[in-house]
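Listed below, chain by chain, are the residues.
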Amino acid sequence: MSSTPLYTTLSTSLTSGAQRANVAALQRALKADGHFTGTVNGVFGTTTRTALEGWQSARGLSETGRITTSQFVWVPTGAVIASWSVGLGSAAGTGTSLATIEFPRPLEATASVSQADITNLKVGQKVQLTVSSGSSMSFSGAIASISSQPVSSSTSTAGSSSTVDYTVIVRLASVPAAVRSGMSGTLVVTIAKRSNVLVVPTSALTGSSYVRVMVHGTPVYRQVSTGMATSSLTQITSGLAAGEVVMTGTYTPTATASATSGTGSSRGLLNSLSGGGAAGGVPSGGGAPPSSGGQ
């Protein structure tokens with residue numbers, strides 16, 4: 001491989017130093033094949049000519065001691081030959097594809113993110129990736145770029161709504177040796193995090209800002225203010241105290257006023273809450289409890 005494309009015939013008639021990079025590449029190739037024993041200096045001298053004639057003889061070619069532009073394949077520096085399309089020493093016509101080359105680069109992860117989530121992402125955010133291939137492998141990275149143009153779109157069966165996806169490129173910090181290009185997995189981006197907060201099951205919320213609190217054995221609607229939320233937990237910023245019991249299911253009173261029964265009750269708990277993917281803040285206020293419920 002050479003940093004300079006070949007544009008003239010290589011032979012002893014070259015001006016001293018001309019095509020030095022390509023002559024050096026030729027000398028290295030001849031040395032690797034056991035024909036050149038001199039110093040790789042980029043100068044086409046008699047030693048290089050003799051080595052080239054020896055190589056040509058071994059390949060059944062005319063011993064000209066010169067290489068023309070049609071005989072020398074130039075490959076850019078840093079490229080890797082992935083496959084050959086022709087046999088060594090065979091003739092190739094104009095337009096023939098000789099080989100496939102690749103430019104190695106560190107592995108990157110590519111993810112498609114929906115329009116609902118893309119506004120929550122920004123370049124530099126830390127991410128966690130998990131690849132499932134026999135055994136799950138997890139590793140970290142950071143968002144390197146976010147496309148401004150959609151890469152795909154879909155429309156609901158009824159045609160009433162549509163969504164688009166955008167490409168996100170993730171630069172990986174460290175990659176397990178078993179990870180290969182083309183593998184698939186999951187990508188988690190933490191867009192917000194709260195610690196030591198009061199949370200209740202998201203299913204306990206009614207109208208986005210009411211919960212049913214058990215008071216003296218009876219569920220009573222109470223308005224609360226909410227903060228961050230995920231599909232399973234929602235932060236309560238005001239209106240509820242730790243230890244109070246909220247209803248998450250149906251409530252069926254018994255015949256005796258002093259006894260109550262219900263399903264799915266839960267106590268407000270101090271906990272931590274992390275939001276990934278589409279999770280974000282849930283605004284407080286809005287909505288009203290059903291007219292049949294409590295006060």
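Here, the structure is the one placed above.
What comes next concerns the included structure.

Calculation criteria
Residues numbered from 1 in each chain as written. Predicted model: local features only at pLDDT ≥ 70, side-chain atom pairs only at ≥ 80, totals over all residues. Heavy atoms only, no water. 1 Å grid on protein atoms, 1.4 Å probe; cavity = no way out; pocket = protein on both sides within 12 Å on 5 of 7 lines; lining within 4 Å. Points joined across faces, edges and corners; volume = space filled by probe spheres on them. Helix = DSSP H or I, 4+ residues; strand = E, 2+ residues; numbered from the N terminus. Nonpolar A, V, L, I, M, F, W, Y, C, P; charged D, E, K, R; others polar. Core = buried A, V, L, I, M, F, W, Y, C linked by side-chain atoms within 4.5 Å. Buried < 20%, exposed > 50% of the residue type's maximum accessible area, 1.4 Å probe, protein only. Patch = residues over 30% accessible without salt bridge, like charges linked within 9 Å, V, L, I, M, F, W, Y side chains within 5 Å. Areas by Shrake-Rupley, 256 points an atom, 1.4 Å probe, with all protein chains shown as cover. Salt bridge = Lys/Arg side-chain N within 4 Å of Asp/Glu carboxyl O.

### A closer look at the layout of surface pockets
In this approach, a probe sized like a water molecule rolls over the atoms, and the result shows the empty space that is left.
Okay, step 1: Approximately 640 Å³ is the volume found for the second largest pocket.
Okay, step 2: Together, 28 residues line the second largest pocket, and Glu108, Ala109, Thr110, Ala111 and Leu129 are the ones closest to its centre.
Okay, step 3: At the level of secondary structure, the elements contributing two or more residues to the lining of the second largest pocket comprise β3 (108–114), β4 (126–133), β7 (162–172) and β8 (185–201).
Okay, step 4: With six residues, β3 is the largest single contributor of residues to the lining of the second largest pocket.
Okay, step 5: Split into classes, the residues belonging to the lining of the second largest pocket amount to 15 nonpolar, nine polar and four charged.

### Considering the nonpolar core
Okay, step 1: Judged by nonpolar contacts, the single largest core of 17 residues is most densely connected at Leu121, Leu129, Val168 and Val170.
Okay, step 2: Contributions of two or more residues to this core are made by β3, β4, β5 (135–146) and β7.
Okay, step 3: Broken down by element, this core gets its largest block of residues, five residues, from β7.

### Brief notes about a nonpolar patch on the surface
Okay, step 1: Residues Val73, Ile81, Trp84, Ile101 and Phe103 make up a contiguous nonpolar surface patch of about 480 Å² in total accessible area.
Okay, step 2: Tracing the backbone through its elements, the reader meets Ile81 in strand β1 (residues 80–84).

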